Number of protein chains: 2
Amino acid sequence: MFYPNNIKKQYKRNISHKNRGMDLESIINTTNSYYLHENKAVIYKKTTPIGVVDVNYEKGSKIIKKAYFKMPSTLDYNGLYRSKYIEFDAKETLNKTSFPLSNIHPHQLEHIKNILIHGGIVFLIIKMNNLYYYLKGEDLTEFVNLNKRKSIPYSYVKEKCYNIKESINPNLDYLKIIDKIYFTEE
Amino acid sequence: MFYPNNIKKQYKRNISHKNRGMDLESIINTTNSYYLHENKAVIYKKTTPIGVVDVNYEKGSKIIKKAYFKMPSTLDYNGLYRSKYIEFDAKETLNKTSFPLSNIHPHQLEHIKNILIHGGIVFLIIKMNNLYYYLKGEDLTEFVNLNKRKSIPYSYVKEKCYNIKESINPNLDYLKIIDKIYFTEE
């Protein structure tokens, strides 16, 4: 399964509110394709949930004539790595001083807590100030519990998050961070 | 998250090729809702993948004007139970003597093997002759490897599969089978 990422990358400079996170999605998708082909992990982007309103039959196959995008209540990516359940979301912000928590819906926060309770690995990949950060679900929920702030200051991100290095193959080796956190014998 | 299952159940007797598996889906969905609310497991049905052809903007929100259903390359349900990655599909057949393997696409079979390689739990729930069976991914791939047959004989299903009992809450306690297979100390 290959994604038409090169096409997306051509639009890199055309940043608008609507396209925010687009590039990041391409990077994650090619990374996941690489992991799958190298037999390292099985991680897929979930399909955006839609509500189908109207369906027609054309030449024997169903064609959706009207539908709308639904709000996701889980995170965008999940899968399996070294026998562990993995789930994460990738978020980009143009804000240089803080990461707005409006990026995460209350249902998603609830879901993150559930994954932690049941022993899964859950995290956010945050692109901010042109760097990639791995924010543990544990740290995110702790921040939300202890703070009334509507955004995470960049100083907190720099202190708590793991920096994910960009490379050629894979584009963004976030599993290396998982190895470090969860699979290093002390 | 509750599903409008009672509505679906009213159509129970109206069995057609198109609706095949419909009832089974309701049973699995209510079971998963029960598991989630009882804090037993976090298991969701994946959204059917669609290919969006045309999108309009109406009153500030995106409305899909044309789209089609894509062939899934993974299984319908996945999630997390007792720190384990779980993935499965639910299939119903009206065939009384064998389970047709045409129910499983080659991509899905490849995916099942991948999950096994990476240490996940993967299986099929098969409804056949009004009984519910749990077929281990390991047994399915073994059958496909050793046989040229295009269907699994019912005798094999009865011998190899675990019977899943119907009940009130949850409707179909398939996690009990997982407990038995993967979490029983011998």
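First, a word on what this report is: a plain description of the structure on this page. Note on numbering: residues in each chain are counted from 1, in written sequence order. Chain A is the first chain written and ligand 1 is the first ligand written, with later ones labelled in order. Predicted model: local features are reported for residues with pLDDT of at least 70 only, side-chain atom pairs are reported and counted for 80 or more only, and whole-chain, interface and lining totals are derived from all residues. The side-chain values count all of the structure's non-hydrogen atoms but skip hydrogen atoms and water molecules.

## Some remarks on the overall build of chain A
Phase 1 of the analysis: For helices the rule is a DSSP run of H or I covering at least 4 residues; for strands it is a run of E covering at least 2, with both sets numbered from the N terminus onward. For chain A, the count of helices and strands is six helices and ten strands.
Phase 2 of the analysis: For chain A, buried positions account for 46% of its 186 residues.
Phase 3 of the analysis: Restricting the contact set of chain A to residue pairs at least 6 apart, pairs at least 24 apart contribute 62%.
Phase 4 of the analysis: Residue-level accessible areas treat just the shown protein chains as cover; the underlying method is Shrake-Rupley with a 1.4 Å probe. Looking at chain A as shown, the accessible area adds up to about 10,200 Å², and 50% of this sits on carbon and sulfur atoms. Only protein chains enter the accessibility calculation, which uses a 1.4 Å probe; a residue is then buried when its area is under 20% of its type maximum, exposed when over 50%, and partly exposed in between. Contacts were defined at the residue level, with two residues in contact if any of their heavy atoms lie within 4.5 Å.

## Looking at the relation of the copies chain B and chain A
The relation between the two copies of this chain is a rotation about an axis and a shift parallel to it.
Phase 1 of the analysis: Mapping chain B onto chain A leaves a residual RMSD of 0.0 Å; the transformation is a rotation of 180° accompanied by 0.0 Å of translation along its axis. Expressed as an axis order, the relation between the two copies is that of a two-fold axis.
Phase 2 of the analysis: Taken together, the interface assignments show that 100% of the residues at the interface of chain B recur at the interface of chain A, consistent with an identical surface on both copies. A residue counts toward the fit only if its pLDDT is at least 70 in both copies, and the copies are then superposed by least squares on the C-alpha atoms of those residues.

## What about the packing of aromatic side chains?
Residue and element names in this part refer to chain A.
Phase 1 of the analysis: To pair, rings of Phe, Tyr and Trp, with the six-membered ring standing in for Trp, must have centres within 6.5 Å; the planes then decide the type, stacked if under 30 degrees apart, edge-to-face if over 60, and tilted in the middle. Tallied over the full model, the rule gives 23 aromatic pairs over all chains.
Phase 2 of the analysis: Feature note: the residues Tyr34, Tyr35, Tyr77, Phe88, Phe123, Tyr134, Tyr162 and Tyr174 constitute an aromatic cluster, connected by ring pairs.
Phase 3 of the analysis: Two conditions define a charge located above a ring, namely a distance within 6 Å from the ring centre to NZ of Lys or CZ of Arg, and an angle within 35 degrees of the ring normal. The ring of phenylalanine 183 is capped by arginine 82, whose NZ or CZ atom sits 4.0 Å from the centre of that ring.

## Focus on the sheet that holds strand β1 (residues 42-45) of chain B
Residue and element names in this part refer to chain B.
Phase 1 of the analysis: Reading across from one edge, β1-β4-β5-β7-β8-β10 is the order of the six strands in this open sheet, with mixed pairing throughout. Among the strands making up the open sheet, the edge pair consists of β1 and β10 (162-164). Neighbouring strand axes in the sheet, compared pairwise and without regard to direction, differ in orientation by 25° on average.
Phase 2 of the analysis: In this description, strands pair whenever DSSP reports at least two bridges between them. In this sheet, strand β5 (residues 84-92) lies alongside strand β4 (residues 77-81) in antiparallel orientation, the contact comprising five bridges. Within β5, the position partnered with tyrosine 77 by the bridge is phenylalanine 88.
Phase 3 of the analysis: Axis definition: a line fitted to C-alpha atoms, limited for helices to the stretch in contact. Angles are taken between N-to-C directions and run from 0 to 180 degrees. On top of the sheet, helix α3 (residues 106-117) reaches β5 and β7 (121-128); it is set at about 150° to β5, its chief contact.
Phase 4 of the analysis: Set on the sheet, helix α4 (residues 137-146) makes contact with β7 and β8 (131-136); between it and β8 the angle comes to about 75°.

## Quick look at helix α6 (residues 174-182) of chain A
All names here are of chain A.
Phase 1 of the analysis: For α6, the full list of buried residues reads Tyr174, Leu175, Ile177 and Ile178. Viewed along the axis of α6, the buried residues span an arc of 150°, placing them on a single side of the element. Among the exposed residues of α6, those oriented more than 90 degrees off its buried face are Lys176 and Lys180. What the arc measures is the spread of directions leading from the helix axis to the C-beta atoms.

## Thoughts on the pairing of strand β4 (residues 77-81) of chain A
Residues and elements named next belong to chain A.
Phase 1 of the analysis: Counting buried positions along β4 gives five out of five residues, so the element sits mostly inside the fold.
Phase 2 of the analysis: Side-chain alternation along β4 places Tyr77, Gly79 and Tyr81 on one buried face and Asn78 and Leu80 on a second face that is also buried.
Phase 3 of the analysis: One ladder, built from four bridges, connects strand β1 (residues 42-45) with β4; its direction is antiparallel. Within β4, the residue paired with valine 42 across the bridge is leucine 80.
Phase 4 of the analysis: Joining the antiparallel neighbours β4 and strand β5 (residues 84-92) is a turn of two residues, in which arginine 82 adopts a positive phi near 45°.

## Details of α4 of chain B
Phase 1 of the analysis: Along α4 of chain B, the residues classified as buried are Gly137, Asp139, Leu140, Thr141 and Phe143 of chain B.
Phase 2 of the analysis: Contacts made by the buried residues of α4 of chain B are with α3, β7, β8, β9 (151-153) and α5 (154-160) of chain B.

## So, the interface of chain B and chain A
Phase 1 of the analysis: Counting residues at the interface gives 37 residues for chain B, matched by 37 residues for chain A.
Phase 2 of the analysis: Buried surface at the junction of chain B and chain A, both sides included, amounts to about 3,100 Å², of which 62% is carbon and sulfur.
Phase 3 of the analysis: Summed over both partners, buried area is the accessible surface (1.4 Å probe) that two parts give up on being assembled. Area buried by chain B at its contact with chain A is led by Ile64, Leu80 and His118 of chain B, which between them contribute 21% of it.
Phase 4 of the analysis: For salt bridges, the criterion is a side-chain nitrogen of Lys or Arg within 4 Å of an Asp or Glu carboxyl oxygen. In this assembly, chain B and chain A are joined by zero salt bridges.

## Focus on a positive patch on the surface
Residue and element names in this part refer to chain A.
Phase 1 of the analysis: Among the surface-exposed residues, Lys40, Lys165, Lys176 and Lys180 lie close enough to one another that they form a single positively charged patch.
Phase 2 of the analysis: Checked against the element boundaries, lysine 40 lands in the loop between α2 (22-37) and β1.
Phase 3 of the analysis: Overall, the relative accessible area of 31% leaves lysine 40 in the partly exposed class. Within the patch definition used here, like charges are joined within 9 Å and nonpolar side chains (Val, Leu, Ile, Met, Phe, Trp, Tyr) within 5 Å, considering only residues with over 30% relative accessible area and no salt bridge. Only four residue types enter the tally: Lys and Arg on the positive side, Asp and Glu on the negative side; His and the chain ends are excluded. The atoms used to mark charge sites are NZ of Lys, CZ of Arg, CG of Asp and CD of Glu.

## Looking at the sheet that holds strand β2 (residues 50-58) of chain A
Phase 1 of the analysis: As summarised here, the arrangement of the four strands in space is β2(A)-β3(A)-β3(B)-β2(B), forming an open sheet in which the pairing is antiparallel. Each of the sheet's edge strands pairs with one partner strand only, and the pair in question is β2 of chain A together with β2 (50-58) of chain B. Neighbour-to-neighbour, the strand axes of the sheet open up by a mean angle of 25°, direction not taken into account.
Phase 2 of the analysis: Sheet analysis places strand β3 (residues 61-69) of chain A next to strand β3 (residues 61-69) of chain B, joined by four bridges and oriented antiparallel.

## Some words on the side chain of threonine 31 of chain A
Residues and elements named next belong to chain A.
Phase 1 of the analysis: In this fold, threonine 31 is placed in helix α2.
Phase 2 of the analysis: The class for threonine 31 is buried, based on a relative accessible area of 0%.
Phase 3 of the analysis: Not counting residues within four places of it along the chain, the set of residues in contact with threonine 31 comprises Pro170, Asn171, Leu172 and Tyr174.

## A word on the nonpolar core
For soluble globular proteins, the rule of thumb is that nonpolar side chains tend to be buried together.
Phase 1 of the analysis: For the purposes of this section, nonpolar cores are sets of buried Ala, Val, Leu, Ile, Met, Phe, Trp, Tyr and Cys residues that join through side-chain atoms within 4.5 Å. One finds Leu140 and Ile152 of chain A together with Leu140 and Ile152 of chain B to be the most contacted residues of the largest nonpolar core, which totals 44 residues.
Phase 2 of the analysis: In this structure leucine 140 of chain A touches Leu101, Ile104, Leu109, Ile112, Leu124, Leu135 and Ile152 of chain A, once residues within four positions along its chain are discounted.

## Brief notes about unusual backbone geometry
Residues and elements named next belong to chain A.
Phase 1 of the analysis: The amide bond that connects asparagine 169 to the next residue, proline 170, takes the cis arrangement and shows omega of 0°.
Phase 2 of the analysis: Positive phi, normally seen in glycine, also occurs at arginine 82, with a value near 45°.
Phase 3 of the analysis: In this structure, arginine 82 sits in the loop between β4 and β5.
Phase 4 of the analysis: Taking the relative accessible area as the measure of exposure, arginine 82 reaches 42% and is therefore partly exposed.
Phase 5 of the analysis: With phi around 65°, serine 83 is a residue other than glycine that occupies positive phi space.
Phase 6 of the analysis: Residue placement: serine 83 occurs in the loop between β4 and β5.

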